[in-house]
Amino acid sequence: MERPFTERAYSGLLRRVALPVAEAIQGMPVQRHLAALERSQWWSPAELRALQEQKLQAMVAHAVAHVPFYRDLFAARGLRAEDIYTVADLRRLPILTKEEVRAAYPERIVTEGMPARQLLPYSSSGSTGEPFRFVMTREEKARRWAALFRFWRWTGWDFGVPYAIIERGAHLAFKDSPAASLVERYLTRVLPLPAFGVYDGNLSDYVKRIHRFHPAIVRGYSASIAHIAEYLAVQGERLPLRAALTTGETLLPEQRALISDRFACPVFDGYGGEGMEIAFECERHEGWHLNAEGLIAEVVDDEGRPLPPGELGQLVLTNLSNAAMPFIRYNIQDLAALGAAPCSCGRGLPLLTRLEGRLVDVLVAPNGRRLVVQFFTRLFRAAEGVGQFQVIQSGRDLLRVKLVTTPAFNPAQRAFIERELQDYVGPQMAVRLELVDDIPPTLAGKRRFMVREEGT
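So, a few notes on the structure that sits alongside this text. (Residues numbered from 1 in each chain as written. Predicted model: local features only at pLDDT ≥ 70, side-chain atom pairs only at ≥ 80, totals over all residues. Heavy atoms only, no water.)

**As for the nonpolar core**
Counting 50 residues, the largest nonpolar core has Tyr 70, Ile 278, Leu 315 and Leu 352 as its most contacted members. Apart from the residues lying within four places of it in its own chain, the contact partners of Leu 315 are Tyr 271, Ala 297, Glu 298, Val 299, Tyr 330, Asn 331, Ile 332, Gln 333, Asp 334, Ala 336 and Leu 352. (Core = buried A, V, L, I, M, F, W, Y, C linked by side-chain atoms within 4.5 Å. Buried < 20%, exposed > 50% of the residue type's maximum accessible area, 1.4 Å probe, protein only. Contact = heavy atoms within 4.5 Å.)

Now the structure itself:
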């Protein structure tokens, strides 16, 4: 679709004038990195692998020389930096856990001698709400934004294209003042909306704000955008956009269909974490393209052994550019599967073909069966009278299921749900339905469908 002339002209003005000034002031050459990424995305897989290994060798040498955690790790294993030369060599190193990073931060895992003024501190709440802290340099932040902008451009976005964002932290700019409205509409062209408010009965206000702002794109948490789409469906309305960009949570198939229908646009799902822009869908929607220039992705089983393409396992990442705080073979605690074939779009970037949520949210029945969210979404879609659900594993042998019901819910539906759940989890696990008035989002504004309680 051809973009309006005024929009293209404004994008050009931003790229040539405003952005270079902002980059110079902030010390973040985003556009330079973006131009490089837009070239390399068309490289062959072999060329991208060669680039990865070149960056891997430099990152490992840096980590061993300047980061106490890795210096001690290599010494304890009798390894030298030169021993990690290829992607396959990474298997000689142990998998890094979030708990190890927390224990080592900041004294032992942040690069020695790095001036504090060069470090940008970050904290992510994650799915559990427990803060996870890390740092990066301005150069790494520029690379991160460049990767994100490359992904967004696949959707039809460009600098200056108006978009609405529904995420944690957006509430900081959720103002009605004339000055704030002018900045949003004419300069940044971003409408920030807090994810928290989506569940507070403000949906009519959200829709009005989006209508007034006329964004081309909406971006935000999957469940938050889906909740707005549900409201539009109830009202019998559509809010046509150019694209919807989902992130922050597992995007369920029924959510994708609903968002696409109510916003009359394609849905592009993105995936990131721990300061990394990890993967994103292109226009072909055959999987999530990995940000191969910035990271190496492995998928392993519960014992850390590599899995072949197509098999679901734990995702392990090596960040190739964060010299301030290297992540080498880091278990990000998500489940994924690598793709076996390249995408038909022609990009050489490898694919993830499955993304199935946080490892901490995977529930396991006493008989060893993994309980997946897709079973529950299908079940509650088949059962009348269920508006919202949340599945909680309390201990090894108790499954609590919270339900927000509608008037259509009746004893027959309850019996149907209890029977299906019991058959699914097996006789060693008790099932308890809990009818509640509301299921609040997390402090990060996300909606969790599956929860594994502490100690389970």
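Right, picking up where we left off after that structure.
**Quick notes on the sheet that holds strand β17 (residues 398-405)**
With respect to topology, 4 strands assemble into an open sheet ordered β18-β17-β16-β19, the strand pairing being mixed. Strand pairing shows two members of the sheet lacking a second neighbour, β18 (430-435) and β19 (450-452), which therefore form its edges. Along the sheet, successive strands turn relative to each other by an average axial angle of 20 degrees, direction set aside. Each of β16 (386-393), β17 and β18 touches helix α12 (residues 411-425); the most contacted strand, β18, lies at about 145 degrees to it. (Pairing = 2+ DSSP bridges. Helix = DSSP H or I, 4+ residues; strand = E, 2+ residues; numbered from the N terminus. Axes fitted to C-alpha atoms, helices over the stretch in contact; angles between N-to-C directions.)

**Here's the deal with unusual backbone geometry**
Here Tyr 105 and Pro 106 are connected by a cis peptide whose omega angle stands at -5 degrees. Topologically, Pro 106 is positioned in the loop between α5 (98-104) and β1 (119-124). Backbone geometry places Ala 264, a non-glycine residue, at a positive phi of 50 degrees. Topologically, Ala 264 is positioned in the loop between α10 (253-263) and β7 (267-273). Non-glycine residue His 285 carries a positive phi angle of around 55 degrees. Along the polypeptide, His 285 turns up in the loop between β8 (276-281) and β9 (288-290).

**A short note on the pairing of β17**
With 6 of its 8 residues buried, β17 lies for the most part within the structure. Looking at chain direction, β16 and β17 are connected through 7 bridges and run antiparallel. Residue pairing across strands places Val 391 opposite Val 401, the latter belonging to β17. Remark: 4 residues form the turn of the hairpin made by β16 and β17, two consecutive strands paired antiparallel; Gly 395 in that turn has positive phi of roughly 80 degrees. Between β17 and its parallel partner β18, the chain crosses via α12, and the hand of that crossover is right-handed. (Right-handed = clockwise from strand over helix to strand, strands pointing away.)

**Concerning the state of the cysteines**
The tally for this structure, following the rule as stated, stands at 0 disulfides. With no disulfide of its own, Cys 345 has Cys 343 as its nearest cysteine by sulfur position, at a separation of 3.5 Å. (Disulfide = S-S within 2.5 Å.)

**So, the environment of Lys 402**
Note that Lys 402 resides in strand β17. Assessed through its relative accessible area of 22%, Lys 402 is described here as partly exposed. Taking C-alpha positions, Lys 402 is 6.4 Å from Val 391, a pair spaced 11 residues apart along the chain. Lys 402 has contacts with Gln 388, Phe 389, Gln 390, Ile 392, Glu 434, Val 436 and Ile 439, leaving out every residue within four places of it along the chain.

**Describing the pattern of salt bridges**
Taken as a whole, this structure holds 25 salt bridges when the rule is applied. Across the pair Arg 80 and Glu 82 runs a salt bridge whose closest N-O atoms are separated by 3.4 Å. When sorted by exposure, Arg 80 lands in the same class as Glu 82, which is exposed. Beyond isolated ion pairs, a larger network of salt bridges with shared partners links Arg 15, Glu 38, Arg 153 and Asp 158. (Salt bridge = Lys/Arg side-chain N within 4 Å of Asp/Glu carboxyl O.)

**Focus on the packing of helix α8 (residues 203-213) against helix α9 (residues 222-235)**
Their axes nearest at 10 Å, the elements α8 and α9 cross at an angle of 95 degrees. When the axes of α8 and α9 are compared, the pair comes out roughly perpendicular. Facing α8, whose interface residues are Leu 203, Ser 204, Tyr 206 and Val 207, α9 presents His 227, Ile 228, Tyr 231 and Leu 232. Among the residues forming the contact of α8 with α9, the class breakdown is 6 nonpolar, 2 polar and no charged. (Parallel < 35°, antiparallel > 145°, perpendicular 65-115°, else oblique. Nonpolar A, V, L, I, M, F, W, Y, C, P; charged D, E, K, R; others polar.)

In short, the description is geometric, and any link to function would need to be established separately.
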